[in-house]
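Read off the chains here:
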Amino acid sequence: MTLPVCAHCGYEWTWKQSMQRYLAMQHIDHGMKCPSCHHQQYITKKVHRRLATIRFIPYILTIFSIFLFSLPMAILILIVSIIGMVGIHPFVMTLSNEK
């Protein structure tokens, strides 16, 4: 897994830069500006599908953990899995010059 790379200039974004832009929700309609060349970058459709799949993992884990463990343990598993899911987003992102 690698961090996003600008499709225009080849600059490899840091984890912090990727998270800031992802959490600011700039990528949804307008893309994200490269920190180096300021060229507009967009998340590819393939990555959108991959991220949609990853978003279900915490909920599936929680459902199974409710049956296997107590409710407080299931809530803890949910919180940890959501933090993990958000933390890996920058490593899954692939950028493109076009929408």
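Details of the structure are given in the entry above.
Residues numbered from 1 in each chain as written. Predicted model: local features only at pLDDT ≥ 70, side-chain atom pairs only at ≥ 80, totals over all residues. Heavy atoms only, no water.

Asker: It is not clear to me how the packing of helix 2 (residues 45-54) against helix 4 (residues 71-92) should be interpreted in this structure. Could you clarify?
Answerer: Describing two packed helices takes the angle between their axes plus the distance from one axis to the other. Contact geometry of helix 2 with helix 4 gives a least axis separation of 11 Å together with a crossing angle of 165 degrees. Of the possible angle classes, the one that applies to helix 2 and helix 4 is roughly antiparallel. Note on packing geometry: the crossing formed by helix 2 with helix 4 is right-handed. Residues V47, R50, L51 and I54 of helix 2 pack against M85, I88, H89 and V92 of helix 4. (Axes fitted to C-alpha atoms, helices over the stretch in contact; angles between N-to-C directions. Helix = DSSP H or I, 4+ residues; strand = E, 2+ residues; numbered from the N terminus. Parallel < 35°, antiparallel > 145°, perpendicular 65-115°, else oblique. Left-handed = near helix turned anticlockwise from the far one by under 90°. Contact = heavy atoms within 4.5 Å.)

Asker: When you look at the nonpolar core in this model, what are you seeing that I'm missing?
Answerer: As a rule of thumb, nonpolar side chains are buried together in soluble globular proteins. Counting 13 residues, the largest nonpolar core has W13, Y22, M32, I43, L51, M93 and L95 as its most contacted members. In terms of residues, this core owes the most to one element, helix 2, which gives 3 residues. (Core = buried A, V, L, I, M, F, W, Y, C linked by side-chain atoms within 4.5 Å. Buried < 20%, exposed > 50% of the residue type's maximum accessible area, 1.4 Å probe, protein only.)

Asker: Just checking my understanding: could you explain the packing of helix 1 (residues 15-23) against helix 4 for this structure?
Answerer: Where helix 1 contacts helix 4, the two axes come as close as 9 Å, and the packing angle between them is 110 degrees. When the axes of helix 1 and helix 4 are compared, the pair comes out roughly perpendicular. Judged by residue contacts, W15, S18, M19, Y22 and L23 of helix 1 engage V86, G87, H89, P90 and F91 from helix 4. The class makeup of the residues in the contact of helix 1 with helix 4 is 7 nonpolar, 3 polar and no charged. (Nonpolar A, V, L, I, M, F, W, Y, C, P; charged D, E, K, R; others polar.)

Asker: Would you mind showing me how to read helix 2 here?
Answerer: An α-helical turn contains 3.6 residues, so any two residues separated by three or four positions project in the same direction. Residues V47, L51 and I54 constitute the buried set of helix 2. All buried residues of helix 2 project into a common sector of 55 degrees when viewed along the axis, lining one side. Within helix 2, the exposed residues directed more than 90 degrees away from the buried face are K45, K46, R49 and T53. As for helix 2, its buried residues are in contact with helix 1, strand 2 (40-43), helix 3 (57-68) and helix 4. (Arc of directions from axis to C-beta.)

Asker: Could you clarify how one ought to interpret the environment of N97 in this entry?
Answerer: Here N97 is to be found in the segment after strand 3 (95-96). Relative accessible area serves as the criterion here: at 29%, N97 is assigned to the partly exposed category. Between the C-alpha atom of N97 and that of Q40, which follows or precedes it by 57 residues, the distance is 6.7 Å. Those residues in contact with N97 that sit more than four places away from it in its chain are A7, H8, H39, Q40, Q41 and Y42.

Asker: Would you explain the sheet that holds strand 2 in this entry?
Answerer: Within a sheet, each strand pairs with its neighbour through backbone hydrogen bonds, oriented either parallel or antiparallel. Pairing in this open sheet of 3 strands is antiparallel, and the strands run 1-2-3 from one edge to the other. Both edges of this open sheet fall to strand 1 (32-33) and strand 3, since each of them pairs with a single strand only. Across 2 bridges, the pairing between strand 2 and strand 3 is antiparallel. Residue I43 lies in a different strand from strand 3, and its bridge partner there is L95. (Pairing = 2+ DSSP bridges.)

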